[in-house]
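# Observations on the model geometry
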Amino acid sequence: MSQYCTFALDGHVFGVPVSSVQEVLRSQDLTVVPLAPDDIAGLLNLRGQIVTMLELRARLGLPPREPDAPSVNVVVKSPDGGAVSLVVDEIGDVLAPSRDAFEAPPDTVPASIRSLVTRVCKLDTHLMLLLDTERAITSEGMS
């Protein structure tokens with residue numbers, strides 16, 4: 001049974017495989033990159049490693065977070081062996097739902113979202129959207 005690290009974004013619950021998560025950090029100081037797209041929050045110096053901070057709300061087309069609202073960085077491993085930080089609203093639990101709980105996203109979900117959300121998981125009180133971390137952090141998925 002696979003385990004998923006969950007987090008909240010604009011009231012939605014998302015999950016990524018625990019195996020793709022390097023660490024979870026509270027809000028961090030960042031360096032803004034001039035002329036960067038809206039989904040690039042900035043750069044983070046993570047113990048000497050420069051990490052891109054990806055604003056996941058912007059990537060998914062969700063409304064921006066309030067300026068003083070708290071955020072959390074979910075640092076995931078990138079395909080090239082580096083790391084990328086996903087800026088999210090709130091961290092959740094680690095869940096291990098059964099395989100039967102997963103379904104493909106409905107066709108009514110916009111194609112741009114379906115390319116990043118590969119499965120929908122039925123939990124007791126809500127749905128978890130399973131994020132394809134590789135697509136979410138690669139340039140082909142960037143706006």
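Relevant structure appears above.
In this report, the structure presented in the accompanying data block is examined. The numbers attached to residues start from 1 for each chain and follow its sequence in the written order. It should be noted that, the model being predicted, local features are given only for residues of pLDDT at least 70 and side-chain atom pairs only at 80 or more, the latter also being counted only at that level, while totals for whole chains, interfaces and linings use all residues. Only hydrogens and water are removed before side-chain values are computed, so all heavy atoms of the structure are retained for them.

Pairing between two strands is assigned when DSSP locates at least 2 bridges connecting them. Per the convention used, a helix needs a DSSP run of H or I reaching at least four residues, while a strand needs a run of E reaching at least two, with both numbered from the N terminus. Taken in spatial order, the five strands make up an open sheet running β3-β6-β7-β5-β4, and their pairing is mixed. Single-partner strands in this sheet number two, and they are β3 (21–26) and β4 (40–46). Across the sheet, the axes of successive neighbouring strands diverge by a mean angle of 25°, strand direction being ignored. In the sheet, β3 pairs with strand β6 (residues 72–77) via five bridges, with the strands oriented antiparallel. Bridge pairing in β6 links arginine 26 to valine 72. Helix axes are fitted only over the stretch in contact, all axes being lines through C-alpha atoms; the angle between N-to-C directions runs from 0 to 180 degrees.

What the six strands build is an open sheet, ordered β8-β1-β2-β11-β10-β9; its pairing is mixed. The open sheet terminates on both sides in strands that have one partner only, identified here as β8 (90–95) and β9 (102–103). Relative to strand β11 (residues 127–131), strand β10 (residues 117–122) runs antiparallel, the two being bridged by five bridges. Within the sheet, the bridge partner assigned to lysine 122 lies in β11 and is leucine 127.

As a further point, take the pattern of salt bridges. Salt bridge, as used here: a side-chain nitrogen of Lys or Arg that lies within 4 Å of a carboxyl oxygen of Asp or Glu. A full pass over the atoms with the stated rule returns eight salt bridges. Between aspartate 89 and arginine 57 there is a salt bridge; the shortest N-O distance is 2.7 Å. Pair noted here: aspartate 89 is in the loop between β7 (83–88) and β8 and arginine 57 is in helix α1 (residues 56–59), with a separation of 32 residues, a long-range link. Note on exposure labels: buried denotes an accessible area under 20% of the residue type's maximum, exposed denotes more than 50%, and partly exposed covers the range between, all computed with a 1.4 Å probe on protein chains only. On the accessibility criterion, aspartate 89 (16% relative accessible area) is buried. In this structure, the salt-bridge partner of aspartate 107 is arginine 114, at a minimum N-O distance of 3.9 Å.

As for its placement among the helices and strands, aspartate 132 is situated in the loop between β11 and α3 (133–137). A positive count includes Lys and Arg, and a negative count includes Asp and Glu. His and the chain ends are not counted in either. The charged side chain of aspartate 132 is buried without a salt bridge, its nearest counter-charge being arginine 135 at 4.1 Å. Here a polar contact means two N or O atoms within 3.5 Å. Within protein one must be a hydrogen donor candidate and the other an acceptor candidate, and residues neighboring in sequence count only if both atoms are side-chain atoms. Of note is the side chain of aspartate 132, whose polar atom sits 3.1 Å from the backbone nitrogen of glutamate 134. Should any heavy atoms of two residues lie within 4.5 Å, those residues are counted as being in contact. Setting aside residues no more than four positions away along its own chain, aspartate 132 makes contact with Leu116 and Thr118.

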